[in-house]
Structures are given as structure tokens and as C-alpha cells.
2 protein chains.
Amino acid sequence: MSASSANPAGYSIEEGNAASRNAYNWSKKTFANRTGKPGEPAQDLDGGFSNEIRFGAERLGISSDGIGTKIEVAERLNKYDTLGYDLIAMTADDLIAAGFVPTNLSNIIDVNHLDYGVVDEMMRGLHDAANFAQLAITGGEIAELGNRIGGWPGAKMNFNWCSTAIGVLHPSLAQPLSGKTAQAGHVVVALRSPSFRSNGYSLARKTLERLFGENWHEAPYDGTDADQYATWGEAMLAPSLIYAPGVATLLDAGLPLHGVAHITGGGVADNFQRVLKNGLGAVLDNLFEPLPAMQRLCEIGDLSSETAYLYWNMGTGMLIVTEETSAAAVVASLQQSGYDAQVAGYLTAESGVMLRVGTGELRYA
Amino acid sequence: MSASSANPAGYSIEEGNAASRNAYNWSKKTFANRTGKPGEPAQDLDGGFSNEIRFGAERLGISSDGIGTKIEVAERLNKYDTLGYDLIAMTADDLIAAGFVPTNLSNIIDVNHLDYGVVDEMMRGLHDAANFAQLAITGGEIAELGNRIGGWPGAKMNFNWCSTAIGVLHPSLAQPLSGKTAQAGHVVVALRSPSFRSNGYSLARKTLERLFGENWHEAPYDGTDADQYATWGEAMLAPSLIYAPGVATLLDAGLPLHGVAHITGGGVADNFQRVLKNGLGAVLDNLFEPLPAMQRLCEIGDLSSETAYLYWNMGTGMLIVTEETSAAAVVASLQQSGYDAQVAGYLTAESGVMLRVGTGELRYA
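Treat the numbers as computed from the prediction; the structure is a model and nothing was measured.

Some words on the pairing of strand β4 (residues 100-111) of chain A
Sheet faces and side chains relate simply in a regular strand, where the side chains alternate between the two faces. All names here are of chain A. Taken across its twelve residues, β4 has twelve buried, putting it largely inside the fold. Relative to strand β6 (residues 159-169), β4 runs antiparallel, the two sharing eleven bridges. The partner of asparagine 107 across the bridge, within β6, is serine 163. The sheet contact formed by β4 and strand β5 (residues 136-144) spans eight bridges and is parallel. For asparagine 107, the partnering residue across the bridge sits in β5 and is glycine 140. One crossover worth recording links β4 to the parallel β5 by way of helix α4 (residues 116-133), and it is right-handed.

Right, dumping it as C-alpha cells:
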């Protein structure tokens, strides 16, 4: 791992992408097994985070993900009832980004040794999050794996948690949302993220441990929103906001969406570029302010904006491409659904993404 | 873990069942979120290993599972291209046991640090297994989780691997298979398992380590099928046979199936009792011979039949309840599909399961 230890998060994004691409290529070779049969894969979502499968007239999406190393924060705080929001956000918001309204979730909990109380707290939170997202938890498995599972040594139980969500293509859509119908001049609406969501924790933990030592979670938190969180641990555990219900409401209202980006690992530019097709680019000059915890970590951890915007969402969790004449209605609907939303920029005929960041700019080819 | 260390596998089945039941209860409270909407859960599969969800006229099944600690055997042998059969068998065969023909699979690989070559070998095997099972791999995720993942220290990469499979209710069935239509006098057909499948590895590894020490996988294998495996490691890595295609062929032929049990953790009796409804019992006096590796482990590890039949499949991987007049046709069809199958016993009006084991009997209330 010498090659990857050069980057600030301690793992290689390129190596991960190569392995994912290779895994996808193996998977794609199996698509023909269902050609013309129930479960037929749609071939047009290559590279997306959720895949379309067809059963008769029904067009379903499927998406799998876990909540990664954010779990260590919960272990440190001995608080497990918010992780369900992170778990559902990761897959449900990948689905809605492709136009699939999430309907069902199946989850797997891998534990070193079972703690009934911890699992109970996790499932209570998952139940709450499922109600928020209006989906049904219709599958689950708990596996006791001994030394195959690790984590914070002081925790009652170490575990990993992942899920697969299923959704149904919104009836107003002829095709999944992919960015293919987007045009220069279209407007980009941003949804604010009140948390790290479930990404960028390797860099954050490394930085916090360097600054505050092994028990960094107990260090007093001093971001500009310090009234909300007493410790760095609390600030880092803030749960993911699930955007799916808000975006589904936009589709219900018939508002024209031409692409949706869920901002996860890789940050704003990398995730948004996935919806930029046909050589389009974007100017995003009115994103939300960076999350106070991220801003503070950059200051005290001496991290550059370039690095921070590469690993963290920086306060924007979803970007929605709509038509100029509908932008105000999109913003208003999202606000009415309880989200912070604003026009963040527009698409350009020239490729590349420009982010205005404080008084400076970040440009991505 | 003092309470659970009393049992031979080192974990508490009762505690696991209680936590699973509690998790299911939390999940069930979310079913109402989809009442009358796409993704509506069927309420009648309480306690089953796969759940039914409905989209319009389509009735789908969903099942999630992992391959647990069998992965350590692959790590020890540095051979990763057979685990895909185990991964697919766990979920696909839970689905077919309820009458859902598996169509799609989404998988998640959690790794400590990424090894491209190991993942490539895993995915090649998953591809082969998907072709055998005639399903499409339409979702996947690889997560690098550092010290949250452990395993055999000598391995190139430690990992856990789980998946969620989707299937479609076989068109010949009005309801998922549950055992509700079974009657006394119905015949039980057994499918032979040529491996441990992906269950019972805690007990097996504990026994092998006690007998042969830390490097038990290199110990020469001396079961009656020693021509097939040079070491205990090789014998323990034997992949799961996927039964779904064979059972789907039975349904295609219109053969009457009244219940199917996938023999996984908990052994023959526990898994078969799940399909025994309405107070029925069974006499299984012609099961397959115990797998040679299991037989040999009992001998050299001084394990009783009671213990072995509680944790291992003992050579029978699936049990199918059919009508007496169709039993010969069921066996013939399965054999034609390439499986070892035989009539293993019959259902009784009195509850309880009796297994004939060698010259003795095991009885379960």
C-alpha cells in the first residue's frame, strides 16, 4: 500500500476505481442471463450508482452500499440510533438520483460478537429513517463473524452495516435520469447537507487523531455551530439527510429534472461530472457554505480547499439540473418539503466544472 | 460471551435468534409505509428467509446473506474463485425455497485494503456462479474499511462478502411455497450437498484447530473421498452447489411442490421444521450419507451425531415436499438436471422430526 499512503485519506481512489470497473465488467457479462426474461438489466446505466432491472412493465432500480468507517464514531459515542439515516441515505439517494423512488430495503449487519442492545438501537434508528424515507425494510440478516470484524476497541460491539435498496422508476419518467437530456443554460439547484453524510471519514479521522490524539471524539468542538455539538465526536456523528422524499415530490409535481447528482465520496465535482454528458460543463458559483465542521477541520488541520473538496461534500449533498423557468419552483418545492435549497449555478456548453469557493475558484477538467 | 462459550461453535444460537426476531419486529413496523403502493410487502412470510414484495402484478422475492467465516478457508488457500458459488447459493436457494426464481444479485465486498487480483478472482467466480444460476449481477459495491475488517493474518487481503438476491415468483404458483399445503403422507425428496455450503464453519474450524493447530488447512485430508482433496483446507473450501435451477425446472414441469427447505445454519431438522406447518411431523429415514469430511471430523474430533446434525447439513442441502405420485418424477427431473436426489422420507400427522442416522435415530420435538 506504499503507493496509496501518499494521499491524505490513506487509500488509493484510483486503485478503488480500477477494481470497481473490473468488477462491473465481470458483472456485465452476466446481464445476458436475463435477456428477454424477468430481471432483464437495462444496458444504459453504465457507470451509474444504481442499476435498472425490468420485470414485465415494472422498471426497478437496485443500489447497494454501506456506511463504512462512520460506524467508528458511533462506537466511540456509544450511540447507534442515527446510523440508520446514513444507511438509507446512501442507497435511497443513489436511487432517486436516477429517478427511482425507493420502496424497499434489505440490510446486513456483520458483528464480531452480538450485543442485543446495540442491534436494537440500530434497528430503531433504521425504522425511524425508513419512515422518513417512506420505504419498507423487507429483508435483513445478522451475521456473527468473530475476528473478521474490527473497530474501536472500547465498543460494546464492532460491526459493519450495509444495505441494498430497491426503487421503482417514477411514473412520470420515460427513462432513468442520467443527464443525457441536459443542455447548456440549464440551472443547477443545490440541496444543503447538514453532515458529512457517510463519506470522507478516513481523512477526517486521520486529521482529528493527528490533532487531538486517540480520544479525539472527546475533544471540545469549536466550529461556528458549536451550540449544536459539545464534542468533535458529536459533530462527526451528525446523520445524513435523506433527500429522496423531496426529489420524489419534485417528480410528482411534474417539474422537469434533467440530471441529479448525489454528492458522496469524491466530492462535489467528481460526482456532478457523472451527470454532465454531451461535453457539457458547469459553473457552480453559489454552493452552500462549507459545513462548519469541515471548515474548522481545514483551518486547524491545515487542509487545502482542493483536498477538502475532493473528499467531502462541503455542505452540498445533492445537485439537481432543471430548466431555467422551473428553477424557482424546484427551490420552493424543496423548501416546502423541509430542505435547504438554492440555485447554485448553471450548465455551460464548454466542458469542465468550476466551483466558487470563498473568494477563490476550483477548476476541474 | 461467557454464556455462549459453553456451546461447541463458540456463539449463542439463542441470542442470535432473539436479536434477529427483534430486528424483524422493527422492520415489520415499516411495512405500512408501502401499503397499497409499489413495493408492498406480503405479510404472510413471517419468519421466512426471503420476503415477498409486490410491484403491480409482479411478485418478487428478496433475500440477503453473506458467506461468513468460510472466507478464512479461501484466505488460507489463497484461492478465491469458488466463493461466488457460496455467495449465490445462500440467497438464490433461500429464494427458490419460497418459490421465487432468482433473477438478479447485488453484492458488497468489504475489504481491509484492496487487492485488485483477489477481487478479480472473486468476481470471476461470481460470474461463473451467476451463469450456473442463470441470474444477472446488477449491483455491486467495494468498500475499503481498514481495521474494521479482519481475517487470516497471512492473507493478501481480508474481506467479508454479502449479497442481496431478487427473484420472481414462479408463474405456476399462486402463493409462495411455505409448507401450508403439505399433508401427512407427502414425500420428502433430498438433494445431496457435496460441501459444508457456507454454514457450520465456526465449529469446523475450532475442531480442526484443536486437532491440527494454527495451520490446520495444510493437514493432510483423510476422509473417504481423499482422492478429491489433498488437505483439510481443500476439503473445507469445496463450493456450495446451487439448487435453484434444478428446483425451477421442477416448477416449470408443473410438478406439485408443497414446501422446500434450504438446509443452512441449524442443520437438517431445524431448517426442515420451518416448512412443517399445521402440526405435521416427518420421518427422514433415507437421507444422504453424511459428507465424508463431516464424518471424519466427527470421528477424529470426537463430536457426537447430535452436535454434528445441529450445525452441519451432513450431506443433504435441500429437502423438497411433494406428493407421493410425483416423487419419482421429481427425483428423475433433479437427476436429469445433474443433481443427486433421492426420496428421503415422508410427512407424518404427528409433529416432531425423526432422522435415521447410521444405525441410530435423532428425534426433534
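Some remarks on the domain arrangement of chain A
Residues and elements named next belong to chain A. By the assigned domains, chain A splits into domain 1 (4-169) and domain 2 (187-364). Each of domain 1 and domain 2 was reduced to a C-alpha centroid, and the two centroids are 21 Å apart. With 35 residues of domain 1 in contact, the opposing surface of domain 2 contributes 35 residues. Together domain 1 and domain 2 conceal approximately 3100 Å² of surface at their shared face, both sides included; 67% is due to carbon and sulfur atoms. Among the residues of domain 1 in contact with domain 2, Lys70, Arg76 and Asp93 are the three that bury the most area, contributing 20% of the side total. Where domain 1 meets domain 2, there are three salt bridges. One salt bridge connects arginine 197 with aspartate 93, and the closest N-O pair in it is separated by 2.7 Å. Summed over the shared surface of domain 1 and domain 2, the number is 14 residue pairs in polar contact (both at pLDDT 80 or more). If you list the elements that add at least two residues to the side of domain 1 that touches domain 2, you get α2 (71-77), α3 (83-97), β4 and α4. Here the side of domain 1 that touches domain 2 is composed, by residue class, of 23 nonpolar, five polar and seven charged.

Some remarks on the environment of leucine 87 of chain B
All names here are of chain B. With respect to the element layout, leucine 87 can be found in helix α3 (residues 83-97). In this structure the C-alpha to C-alpha distance between leucine 87 and serine 64, which are 23 residues apart in sequence, comes to 9.9 Å. If we skip the residues at most four places from it in the chain, leucine 87 touches Asp65, Gly66, Ile67, Asn107, Leu126, Trp161, Cys162 and Ser163.

Looking at the sheet that holds strand β7 (residues 187-192) of chain B
Residues and elements named next belong to chain B. Read across the sheet, seven strands follow the order β8-β10-β7-β11-β9-β12-β13 without closing on themselves; strand pairing throughout is mixed. Both outer strands of the open sheet, β8 (257-262) and β13 (360-364), are each paired with one neighbouring strand and no more. Each strand axis lies, on average, 20° off the axis of its neighbour in the sheet, ignoring direction. As paired elements, strand β9 (residues 281-284) and strand β11 (residues 341-348) share four bridges and run antiparallel to each other.

Examining the interface of chain A and chain B
With 72 residues of chain A at the interface, the matching set in chain B holds 72 residues. Taken together, both faces of the contact between chain A and chain B bury some 6400 Å²; the carbon and sulfur share is 59%. Of all residues in chain A, Trp26, Thr138 and Arg148 of chain A give up the largest surface area on contact with chain B, accounting jointly for 12% of the area buried on that side. Counting the contacts that link chain A with chain B gives two salt bridges. Between arginine 148 of chain B and glutamate 75 of chain A there is a salt bridge, with its nearest N and O atoms 2.6 Å apart. Taken together, chain A and chain B are joined by 31 residue pairs in polar contact (both at pLDDT 80 or more). Contributing elements (two or more residues each) for the side of chain A that touches chain B: α1 (13-28), β2 (51-55), β3 (58-66), α2, β4, α4, β5 and β6 of chain A. The biggest single contributor to the side of chain A that touches chain B is α1 of chain A, with nine residues. Taken together, the residues of the side of chain A that touches chain B sort by class into 31 nonpolar, 27 polar and 14 charged.

Quick notes on the pattern of salt bridges
With the rule as written, the count across this model stands at 32 salt bridges over all chains. The salt bridge involving glutamate 52 of chain A is made with arginine 54 of chain A; its shortest N-O contact spans 2.9 Å. Two residues, arginine 205 of chain B and glutamate 72 of chain B, come together in a salt bridge whose shortest N-O distance is 3.1 Å. Remark: glutamate 72 of chain B occurs in helix α2 (residues 71-77) and arginine 205 of chain B occurs in helix α5 (residues 201-212); sequence separation between them is 133 residues. Neither residue differs from the other here; arginine 205 of chain B and glutamate 72 of chain B are each classed as buried. Counted as one network, the salt bridges with shared partners bring together Glu72, Arg76, Arg205 and Glu214 of chain A.

Criteria and cut-off values
- Residues numbered from 1 in each chain as written.
- Chains lettered and ligands numbered in written order.
- Predicted model: local features only at pLDDT ≥ 70, side-chain atom pairs only at ≥ 80, totals over all residues.
- Heavy atoms only, no water.
- Buried < 20%, exposed > 50% of the residue type's maximum accessible area, 1.4 Å probe, protein only.
- Helix = DSSP H or I, 4+ residues; strand = E, 2+ residues; numbered from the N terminus.
- Pairing = 2+ DSSP bridges.
- Right-handed = clockwise from strand over helix to strand, strands pointing away.
- Domains from an automatic or database assignment.
- Contact = heavy atoms within 4.5 Å.
- Buried area = accessible area lost by both parts, 1.4 Å probe.
- Salt bridge = Lys/Arg side-chain N within 4 Å of Asp/Glu carboxyl O.
- Polar contact = N/O pair within 3.5 Å; in protein donor to acceptor, adjacent residues only side chain to side chain.
- Nonpolar A, V, L, I, M, F, W, Y, C, P; charged D, E, K, R; others polar.
- Axes fitted to C-alpha atoms, helices over the stretch in contact; angles between N-to-C directions.

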